[in-house]
Amino acid sequence: MKCAEFQRALPYIIDGGGTAEEQEHLRSCNICADLVQDLRYIAEQAKLLVPMEDPSPRVWNGISKTLEREGLVKPAPARRGLLGPQRQSWGFLAPLAAVSALAVGLYIYNGSNRAEQTTTAQQSGEQPAMAQVADDSAQDDQQVLELVAQHQPSMRQTYEQNLKSVNAYIRDAKASLQQNPDDNEAKEYLMQAYEQKAMLYQMAARSGE
Amino acid sequence: MTQAKKILATGISEAEAIERAKAGDSESFEALYGLHKRRVYSLCLRMTGNTAEAEDLTQEAFLQLYRKIATFRGESAFSTWLHRLAVNVVLMHLRKKGLPEISLDEAMEPQQEDGPKKDIGARDNVLAGSIDRVNLERAIESLPPGYRIIFVLHDIEGYEHNEIAEMMGCSIGNSKSQLHKARMKLRDLLKISRAEKAVKH
């Protein structure tokens, strides 16, 4: 079987199936094997993409006005605020969420001087602010997972997967910014990833209440 | 994250919020919106590639949800129901705009770009381990609309080809063919991106 023939069939067999001849071609042809490997890898990575962006507040404003106009909602009572009664028992995790947001600010607004500062700091033996935050972040993640394991053991694996995924986003966005500090899209991804991480911490904190 | 998300900021479960929303409780509507807005908006944004359109479609999806919420019986997960509704809203919108037709003829006839790949030195250029999420998101945004829709529905959102075929009004074979083309295009875009990075360094 030639590559052209195999690749014509590929859309219909890549997720399983294929004749014995097609399977044999895949085993024996490095080029087609690499192609299949790449395409499957892309599909796998796509599954790991998580929703990262929130719509602007105008969306909810539009929804609520329409709901009221159509009479689908009762007039709201005196509001306590979106988050309900203020909860004071986030414990040690609330400052960690604040540290994450602070780290974002430090990282983004240091701009193009970051790489130079990092290199200089490393040469002088100092640990850059971001590297320190990264070290602390791994320990914080571990504390979060221990908290969840204690209060919601069935959810530990889910939290672990979500933290792994959001940390990967943070890592990738930082890598993009290292290469191009003016990459606004990467800055936005980084900000959103930190916000998502802060949300995970907050939810874990609430699980312990 | 399913159970954790069900404990909403106001302390009530999602199931309770749904029942209260059916009764017209505005705070419950808002709580459900807060819980699901990100996923719905991300879906709309990935499928349309346009922020303003995505916001309008997100609004429309939630409005349709609230108008129909009384009919939700819990046979499927609420998020699944909402998600499917959002997909239908986006597809309806794209059809009105002139969704790129998926032609059976296009799927069956080999095209120049579909010729066999004979990358020289391909063994050294596999993508495995070299994709980062930021570049993948960028590459997806760059896809032609028809490819992007199928890729988002299948590889990101997890719909099967028979479901996509039903939603899009095409055959399963067309869905598979378009998905393949989308992945091939992404492969090319990601390799170009990787090569450009290598040149810079």
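Values in this document were obtained by computation on a predicted structure and should not be read as measured data.

Caption draft 1: The arrangement of the overall build of chain A in detail. The secondary structure content of chain A amounts to nine helices and zero strands. Burial status across chain A gives 27% buried among its 209 residues. A fraction of 61% describes how many contacts in chain A between residues 6 or more apart in sequence connect residues 24 or more apart.

Caption draft 2: Molecular detail of the confidence of the model for chain A. All names here are of chain A. Summarising the model, chain A shows a mean pLDDT of 74, and 68% of its residues fall at 70 or more. Mean pLDDT across the elements of chain A ranges from a minimum in helix α6 (residues 113-123), with 50, to a maximum in helix α3 (residues 30-47), with 94. Segment residues 79-92 is flagged for pLDDT under 50; beyond a separation of four residues in sequence, or across chains, it makes 11 contacts in the model. Every residue in residues 125-131 scores below 50 in pLDDT, and together they form nine contacts with partners more than four places removed in sequence or on other chains.

Caption draft 3: Representation of the domain arrangement of chain B in the model. All names here are of chain B. Taken as a whole, chain B is organised into domain 1 (2-97) and domain 2 (104-200). Taken together, the contact between domain 1 and domain 2 spans six residues of the former and nine residues of the latter. Put simply, the parts of the chain that give the side of domain 1 that touches domain 2 at least two residues each are α3 (26-48) and α5 (78-97). Broken down by element, the side of domain 1 that touches domain 2 gets its largest block of residues, three residues, from α3.

Caption draft 4: Here's a closer look at the interface of chain A and chain B. Listed by partner, the interface residues are 56 residues for chain A and 55 residues for chain B. Taken together, the elements giving at least two residues each to the side of chain A that touches chain B come down to α1 (3-13), α3, α4 (57-69), α8 (156-179) and α9 (184-207) of chain A. Examining the composition of the side of chain A that touches chain B, we find that 13 residues originate from one element, α3(A), more than from any other. Within the side of chain A that touches chain B, the residues separate by chemical class into 33 nonpolar, 13 polar and 10 charged.

Caption draft 5: A look at the nonpolar core. If you look at the biggest cluster of nonpolar residues, it comprises 55 residues, and the most contacted ones within it are Cys44(B), Ala86(B), Ile150(B) and Phe151(B). At 10 residues, α3(B) tops the list of elements feeding residues into this core. Sequence-distant contacts of Cys44(B), that is, excluding residues within four places in its chain, are made with Ala54(B), Leu57(B), Thr58(B), Ala86(B) and Val90(B). Listed in part, the 25 residues of the second largest apolar core include Met52(A), Val148(A), Leu163(A) and Met203(A).

Reading the values: rules and limits
- Per chain, residues are indexed from 1 in the order of the written sequence.
- Just so you know, chain letters begin at A and ligand numbers begin at 1, following the order they were written in.
- Confidence filtering applies because this is a predicted model: local features only for residues at pLDDT of at least 70, side-chain atom pairs given and counted only at 80 or more, and all residues used for totals across whole chains, interfaces and linings.
- For helices the rule is a DSSP run of H or I covering at least 4 residues; for strands it is a run of E covering at least 2, with both sets numbered from the N terminus onward.
- Using C-beta atoms placed from the backbone, we call a residue buried if 20 or more other C-beta atoms fall within 10 Å of its own, exposed if 12 or fewer do, and partly exposed for counts in between.
- A pair of residues counts as a contact when their C-beta atoms, built from backbone coordinates, are within 7 Å of each other.
- Each residue carries a pLDDT value, the predictor's own confidence for that position, ranging from 0 to 100.
- Residue ranges assigned to each domain were obtained from an automatic or database domain assignment.
- Each residue is assigned to one of three groups, with Ala, Val, Leu, Ile, Met, Phe, Trp, Tyr, Cys and Pro labelled nonpolar, Asp, Glu, Lys and Arg labelled charged, and all others, Gly among them, labelled polar.
- We define the nonpolar core as any set of buried residues of the types Ala, Val, Leu, Ile, Met, Phe, Trp, Tyr and Cys, connected via C-beta atoms lying within 7 Å of each other.

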